[in-house]
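Architecture and fold: a report
Here is what each chain is made of, one letter per residue.
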Amino acid sequence: MSGTKTSQKGQKRLGSVFVNGVLVLICLVWLIPTIGVFITSFRNSEDIYSSGWWTVFPHRGWVKVEEIRVPESIDVDQPFEVAGVTADFSTLRQGIVTPDGRKITWIGNKRSRLVIVEEKRWVGFSARLTLDNYRDTLSGES
Amino acid sequence: MQNQPRLSAGDQILNWLTTGVGRLLASIFVPLVTFLVLWRGFIFLRDSNAPQFIIVVVAIVWGVGGVALLYGVSNWLVEKLSGEWVRRLQPFIFIGPAIAILFWYLFLPTIRTLILSFQDGLGRNFVGIENYIFAFTDRVMLEAFRNNLLWMVLGTGFSVGLGLLIAVLADRTPFEKVYKAIIFMPMAISFVGAGVIWKFVYAYRGEGVGIQEIGLLNAIVIGLGGKAQPWLLLPPINNLFLIVIMVWLQTGYAMVILSSAIKGIPSELLEAARVDGANEFQVFFQIMVPTIQSTLLTVTTTIVIFSLKLFDIVRVMTGGNYGTNVIANEFYLQQFTYNHSGRASAIAIVLLIAVIPVMIYNLRQFRKRRAF
Amino acid sequence: MKNRFWQVLAILMVAALVLAACAQPTAAPTQPPAASGGSYLDRAFAGEFKGTVVTMAGPFTDNDAVKFEQSIKNFEDQTGIDIQYEGSKEFEASISIRIDGGNPPDIVDFPQPGLLATFAAKGKAIDVSTFLDMEKLKKNYNQSWLDMAMMDSPNGKIMAGVWGRVNGKSLVWYPKKAFDEAGYKIPTTWDELLALSEEIKNDGDAPWCVGIESGAATGWPMTDWIEETMLRTTSLENYDKWVKGELKFDSPEVRRAIEKVTEIWFTDGYVYGGRQAIATTFFGDAPKPMFDNPPKCWLHKQGNFITTFFPEGLTAGVDYDFFYFPPIDPAYGKPVLVAGDIYAMFNDRPEVRAVMEYFTTGASVEGWVRAGGAISPHLDSSLDWYSNEVDRGVAEIILNATSVRFDGSDLMPGAVGAGSFWKSMTSYVSGAIDLDTALRDIDASWPK
């Protein structure tokens, strides 16, 4: 109880930050699964099946800026040039990210001959949230 | 001349009726008659064609009133008896219904299950201990035993450990109520609901071009540069993922009980230890834990029993597939899917016997704490 | 005070009983008039059972439940019998509790005759041949359906139920528009099917959409596949023996059938999401990637009911179509695997008999047939009812089959057909156990 009162106080504050930090962390882990279901309850079934619930929040995602048709004459099994990159079908299918931040991806199978260019942009809150699930369950429809 | 003996005979009957054996018989006979009258009333009600609503109202009045009447009549009769008999019989009037109900709903079914466990699937022929041989040697059952052991050790361990940690930490912050409310919240969610919630954590969509994972865990793993995994398909680690769900649900329970025990520790005791130079860890392990030891044990045994009986999480998440089967789920499958009541009963008996020692220990702890 | 209490109580109770005794009866039980002629169905249409309630339980939920309710609505309106249907996804389990507990619904709709057989064996099901006109039944059903309704009971063979909606299973669905645009050709032999799979794979997509997750029933779509390949690689006698438990799972015939399935399922790049995703994908979600633009997988083998699970707004014959799952060995012809719902009766009342009789007529499924997703086994039903090419096509495939066999897992005892067969195959697909263990487990689980 004597002497270093200030340092004890400082220690106490440090301890309280640590205690609160640990608790906040645990509480977050506890809350997130429930938040996930809560958000999912506002999404329609196709969205639920095709993307994670966290994508409704604003985030930086790939947005399509350009569509390119690959001419029939090109043999896509060999590397060819499209949208500034040179690659073959299977590499393009996985998507190629260029140094200037564009993503070039072949969409569909080999016969579709469709390549899209995407850029990272901010995507706002999802506008596709719906109350349909609540309406259907509460009214007993399916 | 003729009057005299008749009168004395009447006196004798009256005497006989008001003393000893006669009283005893009457006290048994009258409630029996009352009971029979009530029973006939119900039969009458059952066969009556009155509108449903009226029948319900009458049944409620008849039932509640009838039980009160039954009690009133028996009590009145017993009180008419001599003091010694009142002392002997009155407890039974009070506790009798409870014992009867216990006997009917608990004891008889247990005996029936025991008998069924020695019979074949349809409950027709006796097959000796064949069902018990299945329960202890079948690959599926051995796997279930192993998994239940995992649930018991890890599930209980993490629930109690985390509950204690949160209780101790939350005790030192001004936001205690908020933290505790959040941790306690899953207790309000049904197990099936929890299954749905966690499906969105463990979901797996497979690998291939353009497949987006919708499971949180896989999204995190991919975000960290890893590869998506079918979490619930990976034995034996998938058991851990299921156990996490139980920990998520049960930590709240452990936390509130332990928290109240911690608050019961005299603050002088802790102050004294700190003045004597004990650091926080020493205070925790050498003062707090021993002081709340009995609460700790009660909470632990309660959750152990719970984890032995565990069923819902496994049923909802994996259906017992992929090496995640537990005893209770196998019981359910045997009884309701395979229609094998013999094996199901044997499993139920094994589960009962496994729970009994923990239960006895738990009751002892309760008694020590004067909870009973 | 105390006495007053007991007096009041006694008066209240007596009054209550008097009230019950005097109350007007709402509906006297329907007594069949002795002189009335005609079958129970005729009498129902004459309005004799007006105001009665018949309870039903079954596995139809969501869309299926709506279509079922629609198909019986006419009957309800005309007869005044209220059929209260209660669908449950956990049907297999809940129905056992209700029947064994002595509280069965009047009529139960079993998608698995095997499950009904266990109740028939316990003497719970009512023999419908006691009141149905067998001549009429023979005229309105293919004999094989009637044979499949005969089951063992403690009193010998009984007709335990009647067949309602049926499904054809030997169908492969594909996204027609994209399929045609890509220039793929419909295969008519197993080799062509494998060649098409290889072609789609080389084009960069997964050819097959497969998912076997189905809650507590996970694994059943795989058992369908195995039954299909069984029918195509071995004789009908062997198939029947297998279903009865006389041919072991651990036999060359069954192993070959499973090998044929895994030839597709376990080949790298053949299944959307890969082998592990098969067990985690809900069977109803499995075909959905076919309708992404562009499709992510192209072929999906499933019964005709699966159209219920397709995304809304698709047109049969335009957006999607199907072809017959091709034969493997020409020696075994063109077999078709079927399934269906058998309605069984657990409470014997005149109005229940009338409803049962109604289910033996094509009219009982007409509404459902018109709504799509059901095939009628009744001979008095008309091909015109089928509102789309797909359903009519399935009905034709069933007619043109060289042989028809019922879904084997539905005929096996519940412990196998709804238990170890599903579970062991699921474990095998997920890689938790090997094939030898899986087959041994199934054989061991067969009730002795």
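These figures come from a predicted structure and were not determined experimentally. (Residues numbered from 1 in each chain as written. Chains lettered and ligands numbered in written order. Predicted model: local features only at pLDDT ≥ 70, side-chain atom pairs only at ≥ 80, totals over all residues. Heavy atoms only, no water.)

**Let's talk about the overall build of chain B**
Helix and strand content of chain B: 16 helices and 0 strands. Here the analysis covers contacts within chain B between residues at least 6 apart in sequence; of these, 67% occur between residues at least 24 apart. Per element, the accessible surface of chain B, about 20000 Å² overall, is 71% carbon and sulfur. Separation between the mean location of the 27 positive side-chain charges and that of the 18 negative ones in chain B comes to 6 Å. (Helix = DSSP H or I, 4+ residues; strand = E, 2+ residues; numbered from the N terminus. Contact = heavy atoms within 4.5 Å. Areas by Shrake-Rupley, 256 points an atom, 1.4 Å probe, with all protein chains shown as cover. Lys, Arg positive; Asp, Glu negative; His and termini not counted. Charge placed at Lys NZ, Arg CZ, Asp CG, Glu CD.)

**Describing the domain arrangement of chain C**
Residues and elements named next belong to chain C. The domain architecture assigned to chain C consists of domain 1 (51-166 + 340-392) and domain 2 (168-338 + 407-445). Taking only C-alpha atoms into account, the centre of domain 1 sits 27 Å from that of domain 2. With 16 residues of domain 1 in contact, the opposing surface of domain 2 contributes 18 residues. In total, domain 1 and domain 2 occlude about 1300 Å² of area from one another, counting both sides; carbon and sulfur atoms represent 61% of this. Together, Gln112, Gly373 and Val390 form the three largest contributors to the area buried by domain 1 at its contact with domain 2, with a combined 35%. Our count for the contact surface shared by domain 1 and domain 2 stands at 0 salt bridges. Summed over the shared surface of domain 1 and domain 2, the result is 0 residue pairs in polar contact (both at pLDDT 80 or more). Listed by contribution, the elements that provide at least two residues to the side of domain 1 that touches domain 2 are helix 3 (62-79) and helix 5 (113-121). Residue contributions to the side of domain 1 that touches domain 2 peak at 3 residues, all from helix 3. Partitioned by chemical class, the residues of the side of domain 1 that touches domain 2 number 7 nonpolar, 5 polar and 4 charged. (Domains from an automatic or database assignment. Buried area = accessible area lost by both parts, 1.4 Å probe. Salt bridge = Lys/Arg side-chain N within 4 Å of Asp/Glu carboxyl O. Polar contact = N/O pair within 3.5 Å; in protein donor to acceptor, adjacent residues only side chain to side chain. Nonpolar A, V, L, I, M, F, W, Y, C, P; charged D, E, K, R; others polar.)

**Observations concerning the interface of chain C and chain B**
Chain C puts 47 residues into the contact, and the matching count from chain B is 40 residues. With both sides pooled, the region where chain C packs onto chain B buries about 3700 Å², and carbon together with sulfur makes up 64% of that total. Applying the counting criterion to the chain C and chain B interface returns 2 salt bridges. Put simply, Arg139 of chain B and Asp441 of chain C hold a salt bridge, and the shortest N to O gap is 2.3 Å. Along the contact surface separating chain C from chain B lie 6 residue pairs in polar contact (both at pLDDT 80 or more).

**Brief notes about the side chain of Asn304 of chain C**
Residue and element names in this part refer to chain C. Looking at the secondary structure, you find Asn304 in the loop between strand 9 (297-301) and strand 10 (321-324). Under the relative-accessibility criterion, Asn304 is labelled buried at 0%. When residues no more than four places from it in sequence are discounted, the contact partners of Asn304 are Asn167, Gly168, Leu171, Trp173, Gly373, Ala374, Ile375 and Val394. (Buried < 20%, exposed > 50% of the residue type's maximum accessible area, 1.4 Å probe, protein only.)

**Examining the state of the cysteines**
Residues and elements named next belong to chain C. For the coordinates displayed, the defined rule picks out 1 disulfide over all chains. Put simply, Cys209 and Cys297 are joined by a disulfide, and their sulfur atoms are 2.1 Å apart. Negative torsions about the S-S bond denote left-handed disulfides, and the value of about 105° found for Cys209 with Cys297 makes this one right-handed. With Cys209 in the loop between strand 8 (206-208) and helix 10 (220-233) and Cys297 in strand 9, the pair connects residues that are 88 residues apart, well separated along the chain. As far as the burial class goes, Cys209 and Cys297 line up, both buried. (Disulfide = S-S within 2.5 Å.)

**Observations regarding the sheet that holds strand 9 of chain C**
Neighbouring strands of a sheet are bound in pairs by backbone hydrogen bonds; such pairs are parallel or else antiparallel. Residues and elements named next belong to chain C. Strand order in this open sheet of 4 strands is 8-9-7-10, and the pairing throughout is mixed. The open sheet has two edge strands with one neighbour each: strand 8 and strand 10. Strand-to-strand twist in this sheet, taken as the mean axis angle between neighbours without regard to direction, amounts to 25°. With 4 bridges joining them, strand 7 (residues 171-174) and strand 10 adopt antiparallel strand pairing. For Leu171, the partnering residue across the bridge sits in strand 10 and is Tyr324. Against the sheet, helix 16 (residues 389-400) engages strand 7 and strand 10, with an angle of about 10° to strand 10. (Pairing = 2+ DSSP bridges. Axes fitted to C-alpha atoms, helices over the stretch in contact; angles between N-to-C directions.)

**Remarks on unusual backbone geometry**
In this structure, the amide linkage connecting Pro235 of chain B to the following residue, Pro236 of chain B, adopts the cis form with an omega of -5°. The phi dihedral of Arg113 of chain A is positive, around 55°, even though this residue is not glycine. In this structure, Arg113 of chain A sits in the loop between strand 5 (102-107) and strand 6 (114-123). Its identity is not glycine, yet Tyr322 of chain B carries a phi of approximately 60°, on the positive side.

**What about the packing of helix 9 (residues 190-202) of chain C against helix 12 (residues 252-265) of chain C?**
All names here are of chain C. For the pair helix 9 and helix 12, the least separation of the axes is 11 Å and the interaxial angle reads 20°. Classified by the angle between their axes, helix 9 and helix 12 sit roughly parallel to one another. Across from Trp190, Leu193 and Leu194 in helix 9, the residues of helix 12 making contact are Lys260, Glu263 and Ile264. Broken down by class, the residue content of the contact of helix 9 with helix 12 amounts to 4 nonpolar, no polar and 2 charged. (Parallel < 35°, antiparallel > 145°, perpendicular 65-115°, else oblique.)

**Some remarks on helix 3 (residues 52-80) of chain B**
In this model, helix 3 of chain B (29 residues) spans 41 Å end to end at C-alpha, consistent with the 42 Å of a helix rising 1.5 Å per residue. The set of residues buried in helix 3 of chain B consists of Ile55, Val58, Trp62, Gly63, Gly65, Gly66, Gly72, Ser74, Asn75, Leu77 and Val78 of chain B. (Expected span 1.5 Å × (residues − 1).)

**Some details on the pairing of strand 4 (residues 150-153) of chain C**
Residues and elements named next belong to chain C. Taking every second residue as pointing to the same face, the buried face of strand 4 carries Met151 and Ser153, while none of Met150 and Asp152 on the other face is buried. Across 4 bridges, the pairing between strand 4 and strand 5 (residues 156-159) is antiparallel. In the sheet register, Ser153 faces strand 5, and the bridge partner there is Gly156. Linking strand 4 back to strand 5 in an antiparallel pair, the connection comprises 2 residues.

**Concerning the domain arrangement of chain B**
Often, the extent of an interface is quoted as the loss of accessible area upon association of its parts. Residues and elements named next belong to chain B. Taken domain by domain, chain B consists of domain 1 (3-116) and domain 2 (134-368). The gap between the C-alpha centroids of domain 1 and domain 2 is 47 Å. Counting from both sides, the interface comprises 4 residues of domain 1 and, opposite them, 6 residues of domain 2. With both chains or domains summed, domain 1 and domain 2 bury close to 370 Å², and 78% of this area falls on carbon and sulfur atoms. Run the count over domain 1 and domain 2 and you get 0 salt bridges. Partitioned by chemical class, the residues of the side of domain 1 that touches domain 2 number 2 nonpolar, 2 polar and no charged.

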